[in-house]
Amino acid sequence: DTVVVNGEVIQYQFSYVYYRFFKPKGVLSTMEDPKGRRCVGDYIRQLGMPLFPVGRLDKDTTGLMIITNDGELSHRLMHPSFECEKVYHVTLDKRVSKQTIQRLKAGFFLDDGPVFFTTVSFLSDQELILTLNEGRNRLIRRSFEHFNVRVVQLKRLQIAMIDLKGLSRGDLIPFSAKEKTSLFDSLDIVR
């Protein structure tokens with residue numbers, strides 16, 4: 001539609017906003033919860049703008065979420081065809097076998113399809129950094145359960161080149177101009 005007032009076309013300028021959010025443990029990745037549990041929406045509503053979280057983290061997972069009103073960015077970050085990498089710090093309840101490490105690196109199958117971690121780097125016997133470019137429900141936790149290992153802590157460190165640096169749990173901080181430019185360039189978004 002076109003809106004004209006006194007012969008002049010009125011153009012609506014829509015501003016996109018982008019925030020990094022450090023989701024604490026125990027917070028749901030939803031806008032509301034009928035049971036009254038803490039959720040991401042509790043943080044977003046404080047901003048007084050119609051925003052939404054990009055992707056999800058389960059209740060017990062901490063770490064980076066992106067909050068925005070930009071649907072195109074959200075789509076490019078989450079759709080598997082764009083292969084946007086997400087980096088996680090994983091702490092396990094026990095040491096994993098050499099055979100399990102090989103299978104983690106080579107890929108394996110779960111009930112809902114194949115799993116391929118882009119990188120698997122061990123920090124210690126029970127701590128590792130994983131990179132993947134898809135976001136199926138509880139994929140990391142289910143992957144380790146498949147090998148009879150329990151994830152004790154899971155933290156998302158990074159989405160594309162946006163990371164947690166400088167954030168404390170519960171912080172909701174606007175992107176810097178450099179973060180926006182880098183992210184848009186990596187996803188071929190023109191603004």
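See the structure shown above.
The following paragraphs examine the structure supplied in this document. (Residues numbered from 1 in each chain as written. Predicted model: local features only at pLDDT ≥ 70, side-chain atom pairs only at ≥ 80, totals over all residues. Heavy atoms only, no water.)

Some words on the overall build of the protein chain
Rules: Here a strand is any run of E in DSSP of at least two residues, a helix any run of H or I of at least four, and the numbering for each starts at the N terminus. Three labels apply to residues, based on accessible area from a 1.4 Å probe with only protein chains included: buried if under 20% of the type maximum, exposed if over 50%, partly exposed otherwise in between. The contact criterion used throughout is that any non-hydrogen atoms of two residues lie within 4.5 Å. Computed by Shrake-Rupley with a 1.4 Å probe, the accessible areas treat only the displayed protein chains as cover when residues are assessed. Positive charges come from Lys and Arg alone, negative charges from Asp and Glu alone, with His and the N- and C-terminal ends not counted. The atoms used to mark charge sites are NZ of Lys, CZ of Arg, CG of Asp and CD of Glu.
A count of helical and extended segments in the protein chain gives five helices and 13 strands. With the C-alpha coordinates aligned to their principal axes, the bounding extent of the protein chain is approximately 75 × 35 × 35 Å. By the burial criterion, 43% of the 191 residues in the protein chain qualify as buried. Partitioning the intrachain contacts of the protein chain with sequence separation of at least 6 by distance along the chain shows that 64% fall at a separation of at least 24. When the accessible surface of the protein chain is summed, it comes to about 11,000 Å², and 48% of that surface belongs to carbon and sulfur atoms. Taking the 28 positively charged and 23 negatively charged side chains of the protein chain as two groups, their mean positions are separated by 8 Å.

Remarks on a nonpolar patch on the surface
What counts here: Patch membership requires over 30% relative accessible area and the absence of a salt bridge. Like charges are linked within 9 Å, and nonpolar side chains (Val, Leu, Ile, Met, Phe, Trp, Tyr) within 5 Å. The salt bridge criterion pairs a side-chain nitrogen of Lys or Arg with a carboxyl oxygen of Asp or Glu, the two atoms within 4 Å.
On the surface, a cluster of nonpolar side chains totalling about 250 Å² of accessible area is made up of V3, V5 and I10. Within the secondary structure, I10 sits in strand β2 (residues 8-10). Assessed through its relative accessible area of 45%, I10 is described here as partly exposed.

A closer look at unusual backbone geometry
The backbone of N6 shows a phi angle near 50°, a positive value even though the residue is not glycine. Locating N6 in the fold gives a position in the loop between β1 (3-5) and β2. For N6, a relative accessible area of 80% translates into the label exposed.

Description of helix α2 (residues 71-78)
The test is simple: Relevant arc is that of directions from the helix axis to the C-beta atoms, nothing else. Any pair of N or O atoms that falls within 3.5 Å is considered a polar contact. Within protein, one atom must be able to donate a hydrogen and the other to accept it, and sequence-neighbouring residues count only if both atoms are side-chain atoms.
For α2, every residue scored as buried is listed here: L73, S74, R76 and L77. Projected onto a plane normal to the axis of α2, the buried residues spread over an arc of 170° and lie on a single side. For α2, the capping residue at the N-terminal end is D70, with a side-chain oxygen 3.1 Å from the backbone nitrogen of E72.

Here we look at the nonpolar core
Our working definition: Nonpolar cores are built from buried Ala, Val, Leu, Ile, Met, Phe, Trp, Tyr and Cys residues. Side-chain atoms within 4.5 Å join them into one set.
I67, V90, L92, F117, L130, I140 and F144 are the most contacted members of the largest nonpolar core, which totals 32 residues. I140 has contacts with Y88, V90, F117, L130, L132, V151 and L154, leaving out every residue within four places of it along the chain.

As for the pairing of strand β6 (residues 86-92)
The condition is simple: When DSSP locates at least two bridges between a pair of strands, those strands are taken to pair.
Here β6 lies mainly inside the structure; seven of its seven residues are buried. The alternating pattern of β6 places K86, Y88, V90 and L92 and V87, H89 and T91 on opposite faces, both of which are buried. For β6 and strand β10 (residues 127-132), the ladder comprises six bridges, and the chain directions are antiparallel. If you follow V90 over to β10, its bridge partner there is L128.

Let's talk about the side chain of S74
Among the secondary structure elements, S74 is positioned in helix α2. Taking the relative accessible area as the measure of exposure, S74 reaches 14% and is therefore buried. Beyond its immediate chain neighbours, meaning those up to four positions away, S74 contacts F52 and V54.

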